[in-house]
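Topology and contacts: notes
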Number of protein chains: 2
Amino acid sequence: MESKRNLLITRAFELFYTKGIHAVGINEILQYSGVAKKTLYHHFTSKDELVIATLKYRDDCFYDWLARRLNQADGGAARIEALFDALDDWFNDRVDELQPFSGCFFINVSGEYGNTTCQIHKQCKAHKSRVKMLIKTQLDTLDLHENTTKLLLDAVHLLKEGAITLAHVQGDKEAALKAKASALLLIHNSCSV
Amino acid sequence: MESKRNLLITRAFELFYTKGIHAVGINEILQYSGVAKKTLYHHFTSKDELVIATLKYRDDCFYDWLARRLNQADGGAARIEALFDALDDWFNDRVDELQPFSGCFFINVSGEYGNTTCQIHKQCKAHKSRVKMLIKTQLDTLDLHENTTKLLLDAVHLLKEGAITLAHVQGDKEAALKAKASALLLIHNSCSV
DNA sequence: TAACGAGTAGACAGATCGGTCTACTTCTAA
DNA sequence: TTAGAAGTAGACCGATCTGTCTACTCGTTA
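Here's a quick rundown of the structure.

On to the overall build of chain A. Along the backbone of chain A there are nine helices and zero strands. The N-to-C order of helical and strand elements in chain A reads α-α-α-α-α-α-α-α-α. With respect to the three principal axes, the spread of C-alpha positions in chain A is 65 × 35 × 35 Å. Within chain A, buried positions represent 38% of all 193 residues.

Below, the structure is given as structure tokens:
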């Protein structure tokens, strides 16, 4: 059974993700989720606290989905292929677990909260670090030198973020496949050294 | 002499860039620029029109700066090195022409305006396309096969966007140098084929 | 059965939002 | 010299914002 608290989080996330946080008011969230205002302020002390809860929710949701996709793949370079194939599915709305693509929630939110010292921005940063570590465990299966792994990790991470950004801002739905091509070139080049 | 119109645009940009558009009100812009409200609405019919003017202003400002930096470099791979060196200067606040780094204005604004069909989002897309074409003219000096140039262009563009995003969200001030390393590897690999 | 936690609907408060308007000043060009 | 464009300060409007509060309804459990 879904609690009112979870209902508020998932509904608020939908609105925040598609419209931006400042563009969505408390009353719109209440109407969209069919919950009374008193109930919202029973579970959360402020809108900011609700925002932070949606960040946590999306963090888990996205991370779990991606980890599942990567674990399904064979080891080695196939893991990196799987990463970009997963992104490709995301960009093209073929993932049930995620909402229709509207960029990376954490990048979007970071843009709205320019002050990099506030807690909301820090949560966005933490999400990116967490996903980067997930990618690192995939690259470790390639058994390369430490420095090579580090370079590849940076490259894959940069290509991934670039793909998400361009898929959103430019509407380039093939961004993940383009990124995959470059990533594989770099990996094959590194393996033969 | 700076007109009131230009003053409003530059001041509004500063606030929008550091705080986000929805987080900045008309009155804050007026106070920060020392201009009367009547004057603002004499030059712009609405806040949205002012937003669009700041996008145009930043587009020109950023593009001109980057083009200047690239044109100063020798041809070939040095042009791509110059691109990432320029980004590195930007991320680390060594560029007088640009404000202290707070991510890419166009990526930030896209995050706030999820609806990809509105004019504001379209302007962001147009900026990215314009810069991509600038990079293309640099890669053309390498005299590679058309397909190779296309692949490299996508790679460099993705790495650039990834670097900007990670520099902002993660606060990774070395993102440009990491991206440069990957880009040069890809270029040298392509040249020897 | 009595108490209480979680829920509802919605009025209300105080602040702020974008935008309009009046009344006045200053500068410039016909 | 005078008409008009561009500027100032700031009151004002209606809408909307976050958040509080009252009054009431359920279930569960001690």
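Moving on, there is more to tell.
Let us look at the protein's contact with DNA strand C. Every one of the 17 residues lining DNA strand C counts as a neighbour, but Lys4 and Thr39 of chain A together with Gly25, Ile26 and Ser46 of chain B are closest to it. Secondary structure elements with two or more residues in the surface near DNA strand C: α3 (37–43) of chain A together with α2 (26–33) and α3 (37–43) of chain B. Tallying contributions element by element places α3 of chain A first for the surface near DNA strand C, with four residues.

The subject of this paragraph is unusual backbone geometry. Residues and elements named next belong to chain A. Not every positive phi belongs to a glycine, and Asp93 is a case in point at roughly 55 degrees. Its identity is not glycine, yet Asp143 carries a phi of approximately 55 degrees, on the positive side. Of note, Asp143 is situated in the loop between α7 (119–140) and α8 (146–169).

What follows is about the protein's contact with DNA strand D. Around DNA strand D, a shell composed of 16 residues is seen, among which Gly25, Ile26 and Ser46 of chain A together with Lys4 and Thr39 of chain B lie nearest. Breaking the surface near DNA strand D down by element, the ones donating at least two residues are α2 (26–33) and α3 of chain A together with α3 of chain B. Here the residues of the surface near DNA strand D sort into four nonpolar, six polar and six charged.

Here the focus is the interface of chain A and chain B. On the side of chain B, 41 residues touch chain A, which itself brings 41 residues to the contact. Elements that contribute at least two residues to the side of chain A that touches chain B include exactly α1 (4–19), α6 (105–112), α7, α8 and α9 (175–191) of chain A. The dominant element in the side of chain A that touches chain B, judged by the number of residues it contributes, is α8 of chain A, at 13 residues. Taken together, the residues that form the side of chain A that touches chain B break down as 15 nonpolar, 18 polar and eight charged.

The biggest cluster of nonpolar side chains holds 94 residues, and the ones touching the most others in it are Leu159, Ala163 and Ala183 of chain A together with Leu159, Ala163 and Ala183 of chain B. Aside from chain neighbours lying at most four places away, what touches Ala183 of chain B is Ile80, Phe84, Ala155, Val156 and Leu159 of chain B.

Our focus in this paragraph is the packing of helix α8 (residues 146–169) of chain B against helix α9 (residues 175–191) of chain B. Residues and elements named next belong to chain B. The contact between α8 and α9 brings their axes to 9 Å, and the two run at 170 degrees. The angle between α8 and α9 falls in the class roughly antiparallel. In this structure, α8 uses Thr148, Leu152, Ala155, Val156, Leu159, Lys160, Gly162, Ala163, Leu166 and Ala167 to contact α9, whose residues at the interface are Ala175, Ala176, Ala179, Ser182, Ala183, Leu186, Ile187 and Ser190. Per-class residue counts for the contact of α8 with α9 are 13 nonpolar, four polar and one charged.

Thresholds, definitions, all that
- Residues numbered from 1 in each chain as written.
- Chains lettered and ligands numbered in written order.
- Predicted model: local features only at pLDDT ≥ 70, side-chain atom pairs only at ≥ 80, totals over all residues.
- Helix = DSSP H or I, 4+ residues; strand = E, 2+ residues; numbered from the N terminus.
- Buried ≥ 20, exposed ≤ 12 C-beta atoms within 10 Å, placed from the backbone.
- Near = placed C-beta within 6 Å.
- Nonpolar A, V, L, I, M, F, W, Y, C, P; charged D, E, K, R; others polar.
- Contact = placed C-beta atoms within 7 Å.
- Core = buried A, V, L, I, M, F, W, Y, C linked by C-beta atoms within 7 Å.
- Axes fitted to C-alpha atoms, helices over the stretch in contact; angles between N-to-C directions.
- Parallel < 35°, antiparallel > 145°, perpendicular 65-115°, else oblique.

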